[in-house]
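Fold and contact review
Given next are the chains, with one letter for each unit.
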Amino acid sequence: TQQKEPELPFFFGWFLLPEEEERIKCATMDFLKTLDTLEAFKEHISEFTGEAEKEVDLEQYFQNALPLHCTTKFCDYGKAEGAKEYAELQVVKESFGKSDELSVTALIVTPRTFGARVALTETQMKLWPEGADKEGVPPALLPSAESLPGGSRAHVTLGCSAGVESVQTGLDLLDILALQKEGKEGTQVEMDLGTLSYLSEGRWFLALREPITADTTYSSFSE
Ligand code: 2AM
């Protein structure tokens, strides 16, 4: 019999437990429901709709097909650079199938994506591939990505607008974090969950007053 190379998955990451997924979906949907009723949001509605005065139902606007997760390594079944090396890491093998708790510290909303920022612990950083924050980042965003601490791109994609790929969420997050670092925050609104900031061009950032934690399993996904 022939020994086959173990196949590489589509991606590795921390996957929310089903009951946690429901809880996070409910909490974040409540936030979207409130956001699209805020005057501050309505003022910039054209950045979502292309027209002033037109209303938007953000709950319908964002779609997500995958289970909620925080990607560590996108492998693309081995086609992505460094996929095999990552899968062979001792820490990946040891952590596989184990429970872990993620801490969500902020939510982002842009005309393209809806996401949750994840603050990785030092232990979790060991599963975050070297250079992952910069991988596939467009040249215009690269200096920003390089100026931020490792792990800044870590997130859970909560939804994408029509025609947008989920890889965009991490790019939108880096973009927003870089703008914040430059002190480019505009309007701020106090909400129950925390402080909402507007960063121009339809970019919104909610810094949570209290982090939202979620129980996960570190594992992989293949379609
Ligand atoms: P996400 O992590 O922002 O949600 C399958 O497409 C999963 O891998 C999605 O979760 C997606 O984005 C992530 N992904 C796709 N392409 C990627 C890339 N080039 N770099 C990092 N993550 C990627």
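Here we summarise the structure given alongside this text.

The rules behind the values
Residues numbered from 1 in each chain as written. Predicted model: local features only at pLDDT ≥ 70, side-chain atom pairs only at ≥ 80, totals over all residues. Heavy atoms only, no water. Helix = DSSP H or I, 4+ residues; strand = E, 2+ residues; numbered from the N terminus. Buried < 20%, exposed > 50% of the residue type's maximum accessible area, 1.4 Å probe, protein only. Core = buried A, V, L, I, M, F, W, Y, C linked by side-chain atoms within 4.5 Å. Contact = heavy atoms within 4.5 Å. Expected span 1.5 Å × (residues − 1). Arc of directions from axis to C-beta. Near = heavy atom within 4 Å. Polar contact = N/O pair within 3.5 Å; in protein donor to acceptor, adjacent residues only side chain to side chain. Areas by Shrake-Rupley, 256 points an atom, 1.4 Å probe, with all protein chains shown as cover. Nonpolar A, V, L, I, M, F, W, Y, C, P; charged D, E, K, R; others polar. Pairing = 2+ DSSP bridges.

For Asp76, which is not glycine, the phi torsion reads 50° and is therefore positive. Among the secondary structure elements, Asp76 is positioned in the loop between β2 (69-74) and α5 (83-87). Look at Glu201: it is not a glycine, yet its phi comes out positive at around 50°. As for its position among the elements, Glu201 is in the loop between β7 (194-198) and β8 (204-221). For Glu201, a relative accessible area of 56% corresponds to the exposed category.

Time to look at the environment of Ile45. For Ile45, the position within the fold is in the loop between α2 (39-43) and α3 (46-49). Between the C-alpha atom of Ile45 and that of Gln188, which follows or precedes it by 143 residues, the distance is 16 Å.

This paragraph deals with the nonpolar core. In this structure, Phe31, Phe41, Val109 and Leu196 are the most contacted members of the largest nonpolar core, which totals 47 residues. Other than its neighbours up to four places away in sequence, Val109 contacts Phe31, Leu32, Leu35, Phe48, Phe62, Phe114, Gly202, Arg203 and Trp204. Counting residues in hydrophobic clusters, the runner-up holds 14 residues, among them Ala145, Leu177, Leu179 and Phe205.

This part covers helix α1 (residues 18-35). Helix length check: α1, at 18 residues, gives a terminal C-alpha distance of 26 Å against a target of 26 Å (1.5 Å per residue), a fit within 8%. Every buried residue belonging to α1 is among Glu20, Glu21, Ile24, Thr28, Phe31, Leu32 and Leu35, and all of these are buried. Around the axis of α1, the buried residues are gathered within 100° of arc, so they sit on the same side. Across α1 from its buried face, at more than 90 degrees, point the exposed residues Pro18 and Glu19.

Our next topic: the site of the ligand. Looking at the ligand, the residues that line it are Phe10, Phe11, Leu66, His69, Thr71, Phe74, His155, Thr157, Ser166 and Val167. Separating an oxygen atom of the ligand from a side-chain N or O atom of His155 is a distance of 2.6 Å. At 2.7 Å from an oxygen atom of the ligand is found a side-chain nitrogen or oxygen belonging to Thr157. Taking 460 Å² as the accessible area of the ligand by itself, protein coverage stands at 82%. Going through the elements one at a time, β2 and β5 (155-160) are the ones with two or more residues in the shell around the ligand. With 3 residues, β2 is the largest single contributor of residues to the shell around the ligand. The residue inventory of the shell around the ligand, partitioned by class, reads 5 nonpolar, 5 polar and no charged.

The next thing to look at is the pairing of β8. Pairing of strand β1 (residues 11-16) with β8, which is carried by 6 bridges, proceeds in the antiparallel orientation. Following the sheet pairing, Gly13 is matched in β8 by Ser219. Note that strand β3 (residues 99-109) and β8 share 10 bridges and pair antiparallel. Bridge pairing links Val109 to Trp204 in β8. Here β7 runs beside β8; their pairing, made up of 5 bridges, is antiparallel. Within β8, the residue paired with Leu196 across the bridge is Leu206. Count of turn residues in the β7/β8 antiparallel hairpin: 5 residues, of which Ser200 carries a positive phi of about 70°.

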